[in-house]
Amino acid sequence: MSAPAVAVAGLTVRYGEVTALSEVSLEIGAARVCGLVGMNGSGKSTLFKAVMGLVRPDRGTVLVGGEPPARARRSGAVGYVPQSESVDWTFPLSVGEVVMTGRYGRMGWTRRPRAADRAAAAAALERVELADLAGRQIGALSGGQRKRAFVARALAQDASVLLLDEPFAGIDKRSEATMTRLLRELAAAGRTVVVSTHELRALPRLCDEAVLLKNAVLAHGDPASVLHPDTLALAFGLDPLAEEPAA
Amino acid sequence: MSPFELLIAPLEYPFMLRALAVTLVAAVVCAVLSCWLVLIGWSLMGDAVSHAVLPGVVLAYLVGAPFALGALVFGLLAVALIGVVRDGGRVKEDAAIGTVFTTLFALGLVLISVVPSQTDLSHILFGNLLGVYTPELVQVLVLGAVTLAVLLLKRRDLTLYAFDPVQAHAIGLSPRRLGALLLGLLALTTVVALQAVGVILVVAMLIIPGAAAYLLTDRFSRMLVIAPALAAVCAVAGLYLSYHLNTSSGGMVVLAQGTAFGLVYLLSPRHGLVGARLSRARRGRPVSLGA
């Protein structure tokens, strides 16, 4: 059981002429919170997609819990919390129904929930403190609650690796603190949490380690060193050693 | 005329009974499918597939194959062609859809014009409810039942596909296969409905009930009840009206659905125009709304 939760080796992904990821290699250990930092277009989303098997790598391999992505998906190992912008919040589903979709991979052909599925969904909602809002339409939640509803879906799924795309975008300070505490607790309980974020402020409290991406891994280590101004300047296109100020 | 005469007298004709059965089945199957189509944003795709089946149906008629087979082949061919044109990069999706389905529809029109038995095939365009005989009725009933059963058995997967295809992928399902299933069922549904209202108006039955139901509830499971119920009421009302007013039956059914949608759009408690903007609606409509 020594396989890392996520192991990426020599990963290169191109979209036509554009190289989104070049020779990315990194390992994320189990039961850790890893922050993925980089500008828009730095390849954060592409890395998530590669872990989920949504893009085909041009080179390199991805393993989740020691398994190729397709097998990891079928065993429900990969939980995904989407960006707010990619969700249709007017969709006529309740919070409880959305959380239940996390169980679908474990259900029969018609996805008819059994007692165990209902129990798992209820426990997941309880875990993220949304049990009393299970009957609400998914869009009738606050920004922070919406994020937690999708975390609950990944928990109902019993995913060992949780991928969160910009979980702090558009939520207030208190929800951010709640989310940070929740993710820390999930890691303490053995789940691996990978968070892509612009919110550098939240990272030291949240993460065990951080990865700085700019279509390649610029730095990977403890958050304090990765988030050092000199390192960040590299990622955001400002070379501190350069003579001229960057544009 | 007494209510009895209005409602029962038409049913003394066997052709009216068959017409009623076909309209009801077509309306209900289309309405259930429409719930997914309006939520995914596939109204234009519904329009495209329902028109694009025309050459398939004509060719099936020519070689004596089942209409459903021809429709299915051309429905899926249309979807594949749309995908090819769109993924070429330069042409946007709506232009790709518009180009492909109108071309296939035109091919269907040309085929109809060269096939000897012209009057028969023009019914595909406008529907021919009152000319339904037992073989057509059986075909509609069987196809309708199969389509409805698959839709309802796979409803949870299809809803997940509509809401969050990435999650469907992440838990090991195949969004591509679910999308293909929905499009295949769309082609079959078109065959069910073209007898009732014709290829041109099928798209109305594939959009209006779902759109109206979506205005009435925030629960997908309730949409799946409201949409077919509304469509069934409109089907019966439209058919009776067409009988008594001696008007086009397919046209009347769709007109009834459009009117029902209008009422829902105005009066829906939560999402209706009146509920949302009572004062503005009052200015636009001189009648008292009881407020």
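What counts, and where the lines are drawn
- Residues numbered from 1 in each chain as written.
- Chains lettered and ligands numbered in written order.
- Predicted model: local features only at pLDDT ≥ 70, side-chain atom pairs only at ≥ 80, totals over all residues.
- Heavy atoms only, no water.
- Helix = DSSP H or I, 4+ residues; strand = E, 2+ residues; numbered from the N terminus.
- Rg over C-alpha atoms; globule rule 2.2 N^0.38 Å.
- Buried < 20%, exposed > 50% of the residue type's maximum accessible area, 1.4 Å probe, protein only.
- Contact = heavy atoms within 4.5 Å.
- Areas by Shrake-Rupley, 256 points an atom, 1.4 Å probe, with all protein chains shown as cover.
- Pairing = 2+ DSSP bridges.
- Buried area = accessible area lost by both parts, 1.4 Å probe.
- Salt bridge = Lys/Arg side-chain N within 4 Å of Asp/Glu carboxyl O.
- Polar contact = N/O pair within 3.5 Å; in protein donor to acceptor, adjacent residues only side chain to side chain.
- Core = buried A, V, L, I, M, F, W, Y, C linked by side-chain atoms within 4.5 Å.
- Phe/Tyr/Trp six-rings, centres within 6.5 Å; stacked < 30°, edge-to-face > 60°.
- Axes fitted to C-alpha atoms, helices over the stretch in contact; angles between N-to-C directions.

Undergrad: Mind showing me how you'd approach the overall build of chain B here?
TA: Summing up its helical and strand segments, chain B has 16 helices and zero strands in all. Taken against the 2.2 N^0.38 rule, which gives 19 Å for 291 residues, the C-alpha radius of gyration of chain B at 20 Å falls within 12% of a compact globule. For the C-alpha atoms alone, the extent of chain B along its principal axes is close to 55 × 50 × 35 Å. Within chain B, the fraction of its 291 residues that count as buried is 51%. Here the analysis covers contacts within chain B between residues at least 6 apart in sequence; of these, 72% occur between residues at least 24 apart. Accessible area for chain B stands at about 12,900 Å²; split by element, carbon and sulfur atoms hold 68% of it.

Undergrad: What should I look at first to understand the pairing of strand β9 (residues 217–221) of chain A in this one?
TA: Here is the key point about a regular strand: its side chains alternate between the two faces of the sheet. All names here are of chain A. Bridge count between strand β8 (residues 209–213) and β9: four bridges; the pairing is antiparallel. Bridge pairing links Leu 213 to Val 217 in β9. Between the antiparallel neighbours β8 and β9 lie three residues, among them Asn 215 with a positive phi of about 60°.

Undergrad: So what exactly am I meant to see when it comes to the interface of chain B and chain A here?
TA: Much of the literature gives interface size as the accessible area that the parts lose upon coming together. At the junction of the two partners, chain B supplies 24 residues and chain A supplies 32 residues. Across the chain B to chain A interface the summed buried area is about 2,500 Å²; carbon plus sulfur atoms make up 61%. For the chain B face of the interface with chain A, the top three residues by lost area are Arg 156, Phe 163 and His 169 of chain B, together amounting to 29%. The interface formed by chain B and chain A includes two salt bridges. The closest approach of N and O atoms between Asp 164 of chain B and Arg 153 of chain A, which form a salt bridge, is 3.0 Å. Connecting chain B to chain A are 13 residue pairs in polar contact (both at pLDDT 80 or more). A total of six residues in the side of chain B that touches chain A trace back to one element, the largest contributor, which is helix α9 (residues 155–163) of chain B.

Undergrad: Explain the pairing of strand β3 (residues 33–37) of chain A here, please?
TA: Residue and element names in this part refer to chain A. Of all the five residues making up β3, five are buried; the element is thus mostly covered by neighbouring parts of the structure. Covered by surrounding structure in β3 are Val 33, Gly 35 and Val 37 together with Cys 34 and Leu 36, the residues of both alternating faces. In terms of strand pairing, β3 meets strand β7 (residues 192–197) through five bridges, oriented parallel. In the sheet register, Cys 34 faces β7, and the bridge partner there is Val 194.

Undergrad: Mind showing me how you'd approach the nonpolar core here?
TA: Val 151 of chain A together with Trp 36 of chain B are the most contacted members of the largest nonpolar core, which has 137 residues in total. Here this core takes 16 residues from helix α2 (residues 14–40) of chain B, the largest share from any one element. Aside from chain neighbours lying at most four places away, what touches Val 151 of chain A is Val 81, Val 128, Leu 162, Leu 164, Met 179, Leu 182 and Leu 186 of chain A. Ala 5, Val 62, Ala 77 and Val 211 of chain A belong to the second-largest nonpolar core, a separate cluster that totals 29 residues.

Undergrad: I'm lost on the packing of aromatic side chains in this one. Help?
TA: Describing an aromatic ring pair means giving the distance of the ring centres and the angle of the ring planes. This structure, assessed with the given rule, holds eight aromatic pairs over all chains. Relative to Phe 163 of chain B, the ring of Phe 150 of chain A lies with its centre 6.3 Å away and its plane at 20°, an arrangement referred to as stacked. Of this pair, Phe 150 of chain A sits in helix α5 (residues 143–156) while Phe 163 of chain B sits in helix α9, on two different chains. The interplanar angle of 45° and the centroid separation of 6.4 Å between the aromatic rings of Tyr 13 of chain B and Tyr 243 of chain B together place this pair among those described as tilted.

Undergrad: Sorry if this is basic, but what is going on with the sheet that holds strand β4 (residues 59–64) of chain A here?
TA: Strand pairing within a sheet occurs via backbone hydrogen bonds; the two strands may be parallel or antiparallel. All names here are of chain A. A sheet is described by the order of its strands in space; here three strands give the open sequence β2-β1-β4, paired in antiparallel fashion. Either end of the sheet is taken by a strand with one partner, and the two such strands are β2 (18–28) and β4. Averaged over all pairs of adjacent strands, the angle between their axes in this sheet comes to 20°, without regard to strand direction. Both strand β1 (residues 6–15) and β4 contribute to a ladder of five bridges, which runs antiparallel. The residue bridging Ala 7 from the neighbouring strand is Leu 63, located in β4. Taken strand by strand, helix α1 (residues 44–52) contacts β1, β2 and β4, and its axis lies near 115° from that of β1.

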